[in-house]
Amino acid sequence: MTNYFHRNLNRMALFTALLAAGLILFYRPFMQIAIANIYLNGIIIGTALFGIGLCFVEMFRLLPEYKWLRTYTSGRAANKMPPRLLRPVALMLRARPARISPANVSGVLEMILNRFDESRESLRYVTNTLIFLGLLGTFWGLILTVGGFAELIGGLNFEDESVLIAMQQGLARPLAGMATAFTSSLLGLAGSLSVGFLGLQVQLAQNAIFRELEDYLSSRARIINDESGEIAALNKNLQRLERAVSEIG
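Residues numbered from 1 in each chain as written. Predicted model: local features only at pLDDT ≥ 70, side-chain atom pairs only at ≥ 80, totals over all residues. Heavy atoms only, no water.

Engineer: What exactly am I supposed to notice about the overall build of the chain here?
Structural biologist: In terms of regular secondary structure, the chain is built from nine helices and zero strands. When the helices and strands of the chain are read in sequence order from the N terminus, they spell out α-α-α-α-α-α-α-α-α. The buried share of the chain, reckoned over its 249 residues, is 32%. For the chain, long-range pairs separated by at least 24 residues make up 79% of all intrachain contacts whose partners lie at least 6 apart in sequence. Of the accessible surface of the chain, which amounts to about 15700 Å², a share of 64% is contributed by carbon and sulfur atoms. (Helix = DSSP H or I, 4+ residues; strand = E, 2+ residues; numbered from the N terminus. Buried < 20%, exposed > 50% of the residue type's maximum accessible area, 1.4 Å probe, protein only. Contact = heavy atoms within 4.5 Å. Areas by Shrake-Rupley, 256 points an atom, 1.4 Å probe, with all protein chains shown as cover.)

Structure, rendered in structure tokens:
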């Protein structure tokens, strides 16, 4: 089971290393993209770095869960409680019951699945924030572009011989708006894809824990058949009814 954790962690480390290597190799184009709108693009880059770090934090938080579950399923004593996600399971299975009803298994698995989903809310929020910032930069750049062209056309005097020079000088603002729109969209999408891929590895690691726990609990689930007890109680009631009828007769 721990192999799944290391496999997903290695994917995250390899992806982050490739991302860093690409930024180093294409440092100049990246800086040109970033300084197109240093404030908005800086916020997007900072949010992406925060999301990447948060993915690694969530991944390393799963390591104690892996260790506890591996110790418990192997039959050894797991004295140390898991820190977060599997704590309810540890409390309920502390006595190591030999038989668990299917209803209890379903309830435990549903509770753990909900806790896994809640733990990934922050990652989903960061991903959505990056998409929002990219769209914000796109509309902001379009507003600057449209406003710049309107101001440029409104201020041109076509009877003047230097109209081409004035047009050339006035194109700076619309082009800056287009640069803001394209660069913020590019950085927002790239950041959301990066955080989304790392978040997917965290989800795969959580799914490995869930499957291991599901297999362990399912192997100890037994359907309790109460049919024989009901038949015995029915026979006993029939005997009492026969004795009562015979006494009356």
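Engineer: Can you help me understand a nonpolar patch on the surface in this one?
Structural biologist: A contiguous nonpolar surface patch, about 570 Å² in accessible area, is contributed by Y27, M31, I35, I38 and Y39. Contributions of two or more residues to the nonpolar patch are made by α2 (27-34) and α3 (38-73). Inspection of the secondary structure assignment puts Y39 in helix α3. (Patch = residues over 30% accessible without salt bridge, like charges linked within 9 Å, V, L, I, M, F, W, Y side chains within 5 Å. Salt bridge = Lys/Arg side-chain N within 4 Å of Asp/Glu carboxyl O.)

Engineer: Just to check I follow, could you spell out the packing of aromatic side chains for this structure?
Structural biologist: Each aromatic ring pair is summarised here by two numbers: the centre-to-centre distance and the angle between the ring planes. Scanning all chains against the criterion turns up one aromatic pair. Ring geometry for F15 and F197: centres 4.7 Å apart, planes at 40°, overall tilted. Placement of the pair is F15 in helix α1 (residues 2-25) and F197 in helix α8 (residues 172-219), with a sequence separation of 182 residues. Judged by relative accessible area, F197 falls into the partly exposed class, the value being 31%. (Phe/Tyr/Trp six-rings, centres within 6.5 Å; stacked < 30°, edge-to-face > 60°.)

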